[in-house]
Amino acid sequence: MENRKPADIDASEITDKRVYLNRRLFMRGAALAATTAATGLLYRKLNPQPVETTKREELAGFAKPTSDGFRANEKLTPLADITNYNNFYEFSTDKGAVASESKGFVTKPWTVSVEGLVNKPRSFDLNKLLSFPLEERVYRLRCVEGWSMVIPWIGFPLAKLLEEVEPTEQAKYVAFQTLYDPKRMPNQRTGVLDWPYVEGLRLDEAMHPLTILATGLYGEVLPPQDGAPIRLVVPWKYGFKSIKSIVKIQLVAEEPPTTWNIQASNEYGFYSNVNPEVSHPRWSQATERRIGEFRMRETLMFNGYSEQVAHLYQGMDLEQYF
Ligand code: MTE
């Protein structure tokens, strides 16, 4: 599973927690001094509003996790791992090669069209999306393959975007689509998946406060390999539900097709909630390896977000609706 190539890791991408914290403090200082002077990649440059960031003691693991689930109180996965161990088949099926293959991916201009069963269909320019109130969310991400990370995202609740277009009474599901452009996403020239990558959520899952559209991580603009310029994050579901580089969002009446379900319907269901009790047909989902650790951890029901989301599935047979 480990196929990272150290030579591919750009030194500027290796940011340990201390540097990250210092940068956060610097950003706060900068905000206080009301100065716009900032170094190249700082998120603030692109984002006119200051982002509420995690406090030093929370990142150090001293504070209790918040009951809303917005900030896991766990050690963050280093930025170098988050940006060099990726699933993004549009660029490569080799997790260690996505970073180099996606380098220079052009995301300007970028629009996200929100349409279908809505009163006010609309195309949103990326700058408009960046003007939504951005927040920092520290989420666990559990990949269906059995590894996990803890990632400090920057983004906004998907609900905020959906409210703008006013879903109609008939809208029951939300369908998402990644960019299709084999010139910019070279691995789309292969037939490894049905392109474009598509995903879906039930409307109540999409409206849940934990569901965000992420535009950044570690206080910086989202790098291409992590789904620039905008990707979905649904922390209680397996990572493949978190579709990257989104260009279209459609409100629909029926359960929409999803890429991995099209690929192997007996292995990947529509719901794909993290569930240690329901095995993948080829492997157990009971344990996981946190990237950077050797010992296995027990996988938690709904990835540890039961308190926030279990009610969405009350009365449902989770073996049938996997
Ligand atoms: N989105 C697109 N468009 N293409 C992909 O191949 N891979 C998925 C998901 N979103 C994927 C995608 C899978 S399998 C996972 S585990 C996560 O992205 C990985 O996100 P990360 O690389 O940012 O950790």
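Residues numbered from 1 in each chain as written. Predicted model: local features only at pLDDT ≥ 70, side-chain atom pairs only at ≥ 80, totals over all residues. Heavy atoms only, no water.

Some remarks on the confidence of the model for the protein
- Averaged over all residues, the pLDDT of the protein is 86; the fraction at 70 or higher stands at 80%.
- Across the protein, strand 5 (residues 173–178) holds the top mean pLDDT of 99, while helix 1 (residues 17–32) sits lowest at 40.
- Between residues 1–42, whose pLDDT stays under 50, and residues either more than four places distant or in other chains, the model counts 69 contacts. (pLDDT = per-residue confidence, 0-100. Helix = DSSP H or I, 4+ residues; strand = E, 2+ residues; numbered from the N terminus. Contact = heavy atoms within 4.5 Å.)

Points about the side chain of Glu 74
- Turning to its location among the elements, Glu 74 is positioned in the loop between helix 3 (56–59) and helix 4 (79–82).
- Here the side chain of Glu 74 touches Arg 297 through a polar contact of 3.4 Å, side chain to side chain.
- Contacts of Glu 74, omitting those with residues within four sequence positions, involve Arg 140, Val 150, Arg 290 and Arg 297. (Polar contact = N/O pair within 3.5 Å; in protein donor to acceptor, adjacent residues only side chain to side chain.)

Some remarks on the packing of aromatic side chains
- A full pass over the atoms with the stated rule returns 15 aromatic pairs.
- Plain terms: the ring middles of Phe 240 and Tyr 268 are 5.4 Å apart, the flat faces sit at 80 degrees to each other, and that makes the pair edge-to-face. Of the two residues, Phe 240 sits in the loop between strand 9 (231–233) and strand 10 (246–252) while Tyr 268 sits in the loop between helix 9 (259–263) and strand 11 (287–290), which places them 28 residues apart along the sequence. The burial state of Phe 240 is the same as that of Tyr 268; both residues are buried.
- When the centroid spacing of 6.1 Å and the interplanar angle of 90 degrees are considered together, the rings of Tyr 271 and Tyr 313 count as edge-to-face. One end of the pair, Tyr 271, is in the loop between helix 9 and strand 11; the other, Tyr 313, is in the segment after helix 10 (306–309), and 42 residues separate them in sequence. Each member of the pair Tyr 271 and Tyr 313 is classed as buried.
- Three or more aromatic residues joined by ring pairs make a cluster, and in this case those are Tyr 173, Phe 270, Tyr 271, Phe 302, Tyr 313 and Tyr 321.
- Directly above the aromatic system of Tyr 85 lies the positively charged group of Lys 95, at a separation of 5.8 Å from the ring centroid.
- Cation over ring: Arg 140 sits above Tyr 305, and NZ or CZ is 4.7 Å from the ring centre. (Phe/Tyr/Trp six-rings, centres within 6.5 Å; stacked < 30°, edge-to-face > 60°. Buried < 20%, exposed > 50% of the residue type's maximum accessible area, 1.4 Å probe, protein only. Lys NZ or Arg CZ within 6 Å of the ring centre and 35° of its normal.)

Points about the pattern of salt bridges
- Scanning all chains against the criterion turns up 16 salt bridges.
- Several salt bridges share partner residues, and in doing so they unite Glu 74, Arg 140, Arg 142, Glu 288, Arg 290, Glu 293 and Arg 297 into one network. (Salt bridge = Lys/Arg side-chain N within 4 Å of Asp/Glu carboxyl O.)

Remarks on the site of the ligand
- Among the 15 residues in the neighbourhood of the ligand, the closest are listed as Tyr 89, Glu 90, Thr 178, Ser 242 and Lys 244.
- Contact distances for the ligand include 2.8 Å between an oxygen atom and a backbone N or O atom of Tyr 89.
- Take Ser 242: an N or O atom from its main chain is 2.9 Å from a nitrogen atom of the ligand.
- If you map the ligand onto the pockets, it falls in the second largest pocket.
- A class-by-class count of the residues in the shell around the ligand yields 6 nonpolar, 5 polar and 4 charged. (Near = heavy atom within 4 Å. 1 Å grid on protein atoms, 1.4 Å probe; cavity = no way out; pocket = protein on both sides within 12 Å on 5 of 7 lines; lining within 4 Å. Sits in = over half its atoms within 2 Å of the grid points. Nonpolar A, V, L, I, M, F, W, Y, C, P; charged D, E, K, R; others polar.)

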